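Descriptive structure summary
If you want the building blocks of each chain, they are given just below.
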Amino acid sequence: MLKKFFKPFRFTRKRKDSDNPTVLDAHEHRLSSADFSRNSANVAVRLQHAGFQAYLVGGCVRDSLLGVTPKDFDVATNATPEQVRHEFRNSRIIGRRFKLAHVHFGREIIEVATFRSDHSQSDDDNNDHSAHDASGRILRDNVYGNMEEDAQRRDFTMNALYYDVSNEKVYDYSTGFADIKRRLIRLIGDPEQRYLEDPVRMLRAVRFAAKLDFTIEPSTAEPIRRLAHLLRDIPAARLYEEVLKLFLSGYAERTYELLCEYDLFAQLFPGTAKALLKQPAYVDRLLRNAFKNTDKRIANDRPVTPAFLFAALLWPVLTQRSQSLQHDGMHPIPAAQEAAHQVLLEQVLRVAVPKRFSIPTREIWDLQERLPRRAGKRADTLLAHPRFRAAYDFLLLRESAGEDTEGLGQWWTEYQDASDSQRRAMIGALSSSGAKPRSKRRRKPRTSKPLHAQQDQL
Ligand code: ATP
Ligand code: MG
């Protein structure tokens, strides 16, 4: 990290007039076109040749200045999405809140955004393109603007730097370059107003602080705790996208710490935050260990699934709920089922976990009930279960947080490595130690709708 800044470097420029960007030459910023993907540089150059302004912008300039490999490359231009579409046959116009053009090069997608302006609420009258709600939140934001306006409506100073591939200059309309050097996350404009416009910026501040190991500048940090509740107005689908970025970018543990510090965690996972109050040491350990594992896997280029993460994040809520249902007289297995159902139903109101992940989350939980029951053919059936590996990892996670499973994790570790005859011996030892397959008991007739029938509603 900070490769670019290791060499002695002097930042002498003062803050300039807002409509006059600081222009940094190659010898000052030390970037070169080679720091950007060839496709993104080509997109910018082609747009310029077609008579438009076009720059690399945002995270890719910030990360390159820090010597971090950018995740993706964004281009900002004064061409409209339609004009971009016209220039590139391999492009598509997309957009929910914002209309953008995506230029496709195999698996790489270059996002090309038209300069937009930051428009005040008073401009909203009779305007189809922009809208705010009563608290100032931006609902639609498709008003095009010039480059300076585009810079002002971006979130943080470090994200508002523009790199011109043709002349290798960086344009800075605020204090982005200096802030990167000082490792500061600073909102552009009045922080409170910028959070009111878009409360997700609070999550972004924390995410970047964790990822870049930056400090959130005090006036940018100050309103967060006060305004954290605004996240309740954000659609659960958008928060889901943000949660994935928060926890699956390789810095989940630090992100979690900061989310707690700024009272943001409880907005995303209210049930888990309550569980943390009830059993602070255990829940904190479980979450941290889950995040540590995830970060380690990402660092080693191993796959991670949101299903496992949600299983961990909600496990303490599930177990506490299941216990209270049992306390009310429900049997353990239906109580666990019902608790899983309720907990997910409540969580998706805040963070819209799609079914393709919530279903495997439930399977991981269900298997926790089944892993202790290994007698007869059960162990082999479990081993062949498509979710066995995740369930086993989850069992180890629970143990790492201090849950006593009577050595179950160790047993399964050995069983997986054992030969056929060793496996038979291990199962035999179980029955002799009393863990016999349960005899088929007569079931009481069901009185209510079976719980699995309700599962589809999740
Ligand atoms: P990374 O891709 O590494 O997560 P990034 O800065 O590129 O970081 P993106 O979400 O890809 O983040 O957004 C691209 C750019 O768009 C940002 O750098 C910022 O300038 C702008 N931006 C994104 N989200 C917002 C927002 N909520 N408010 C204002 N500007 C935003
Ligand atoms: Mg980006």
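A brief structural summary. Each residue is numbered by its place in its chain's sequence as written, counting from 1. Think of it this way: whatever chain is written first is A, whatever ligand is written first is 1, and the rest follow in order. Where totals are concerned, whole chains, interfaces and linings use all residues; where local detail is concerned, this predicted model gives features only for residues with pLDDT of at least 70, and gives and counts side-chain atom pairs only at 80 or more. To obtain the side-chain values, all non-hydrogen atoms of the structure were used and water was disregarded.

Right, let's get into the nonpolar core. One recurring pattern in soluble globular proteins is that nonpolar side chains are buried together. Here the nonpolar core consists of buried residues drawn from Ala, Val, Leu, Ile, Met, Phe, Trp, Tyr and Cys, with membership extended through side-chain atoms lying within 4.5 Å. Under the scheme applied here, a residue whose accessible area is under 20% of the maximum for its type counts as buried, over 50% as exposed, and between as partly exposed, the area being computed with a 1.4 Å probe on protein chains only. With 102 residues, the main nonpolar core has Phe-247, Leu-264, Phe-265 and Trp-365 as its most contacted residues. Contacts were defined at the residue level, with two residues in contact if any of their heavy atoms lie within 4.5 Å. Not counting residues up to four positions away in its chain, the partners in contact with Phe-265 are Phe-247, Tyr-256, Leu-259, Cys-260, Thr-272, Ala-273, Leu-276, Leu-287 and Leu-313. Grouped together as the second largest cluster of nonpolar side chains are 16 residues, Leu-382, Tyr-392, Leu-408 and Ala-418 included.

Take helix 16 (residues 332–350) next. To qualify as a helix, a DSSP run of H or I must reach at least 4 residues; to qualify as a strand, a run of E must reach at least 2; elements of each kind are numbered from the N terminus. Helices are assigned an expected span. That span is 1.5 Å times one less than the residue count. Helix length check: helix 16, at 19 residues, gives a terminal C-alpha distance of 27 Å against a target of 27 Å (1.5 Å per residue), a fit within 8%. Listed in full, the buried residues belonging to helix 16 are Ala-335, Ala-336, Glu-338, Ala-339, Ala-340, His-341, Val-343, Leu-344 and Gln-347.

A word on the pattern of salt bridges. The salt bridge criterion pairs a side-chain nitrogen of Lys or Arg with a carboxyl oxygen of Asp or Glu, the two atoms within 4 Å. Evaluation of the coordinates by the stated rule reveals 26 salt bridges. Ionic pairing is found between Asp-63 and Lys-211, a salt bridge with its closest N-O pair at 3.3 Å. With a gap of 148 residues between them, Asp-63 in helix 3 (residues 59–65) and Lys-211 in helix 8 (residues 200–212) connect regions that are remote in the sequence. Pair check on accessibility: Asp-63 and Lys-211 agree, each one buried. Put simply, Glu-192 and Arg-226 hold a salt bridge, and the shortest N to O gap is 3.1 Å.

Once that is clear, we can look at the sheet that holds strand 5 (residues 100–105). By the convention used here, strands pair only if DSSP detects at least 2 bridges between them. Reading across from one edge, 1-10-9-2-3-6-5-4 is the order of the 8 strands in this open sheet, with mixed pairing throughout. Sheet topology places strand 1 (22–24) and strand 4 (91–94) at the edges, where each strand pairs with a single neighbour. Across the sheet, the mean angle separating the axes of adjacent strands is 30° when strand polarity is ignored. The pairing of strand 2 (residues 54–57) with strand 3 (residues 74–77) spans 4 bridges and is antiparallel. Bridge pairing in strand 3 places Ala-54 opposite Thr-77. Against the sheet, helix 2 (residues 38–49) makes contact with strand 2, strand 3, strand 5, strand 6 (108–114) and strand 9 (161–164), and its axis sits at roughly 35° relative to strand 6, the strand it touches most. A fitted line through C-alpha atoms serves as each axis, taken over the contacting stretch for helices, and the angle formed by two N-to-C directions is quoted from 0 to 180°.

Contact pair helix 8 / helix 11 (residues 252–261): the axes reach a minimum separation of 9 Å and the direction vectors enclose 140°. Looking at the two axes, helix 8 sits oblique to helix 11. In the packing of helix 8 onto helix 11, the handedness of the crossing is right-handed. Together, Leu-203, Val-206, Ala-209 and Ala-210 of helix 8 and Arg-254, Thr-255, Leu-258 and Leu-259 of helix 11 make up the contact between the two elements. Each residue belonging to the contact of helix 8 with helix 11 can be placed in one class, and the counts come to 6 nonpolar, 1 polar and 1 charged. Every angle not falling under 35 degrees, over 145, or within 65 to 115 is termed oblique; those three ranges are roughly parallel, roughly antiparallel and roughly perpendicular. Put simply, a crossing is left-handed when the front helix is turned counterclockwise from the back one by less than a right angle, and right-handed when it is turned clockwise. For this classification, the nonpolar set comprises Ala, Val, Leu, Ile, Met, Phe, Trp, Tyr, Cys and Pro, the charged set comprises Asp, Glu, Lys and Arg, and every other residue, Gly included, is treated as polar.

Here a residue counts as near a molecule or strand whenever at least one of its heavy atoms sits within 4 Å of it. Lining the immediate environment of ligand 1, one finds 17 residues, of which Arg-62, Asp-198, Arg-201, Arg-204 and Arg-207 sit closest. Pairing of N or O atoms within 3.5 Å defines a polar contact, subject to two protein rules: one partner must be a possible hydrogen donor and the other a possible acceptor, and residues neighboring in sequence count only if both atoms are side-chain atoms. With respect to ligand 1, the side chain of Arg-204 contributes an N or O atom lying 2.9 Å from an oxygen atom. Separating an oxygen atom of ligand 1 from a side-chain N or O atom of Lys-211 is a distance of 3.0 Å. Only the protein chains shown count as cover for residues, and all accessible areas are computed by the Shrake-Rupley method using a 1.4 Å probe. In isolation ligand 1 has 580 Å² of accessible area, and contact with the protein removes 87% of it. Those elements that place two or more of their residues in the shell around ligand 1 are helix 3 and helix 8. Tallying contributions element by element places helix 8 first for the shell around ligand 1, with 5 residues.

A word on unusual backbone geometry. Of note in this structure, Asp-213 is not a glycine but carries a positive phi near 60°. Within the element layout of this structure, Asp-213 appears in the loop between helix 8 and strand 12 (215–216). With relative accessibility at 55%, the residue Asp-213 sits in the exposed group. Backbone geometry places Asp-301, a non-glycine residue, at a positive phi of 60°. With respect to the secondary-structure elements, Asp-301 resides in the loop between helix 14 (280–299) and helix 15 (306–327). Judged by its relative accessible area of 75%, Asp-301 is exposed.

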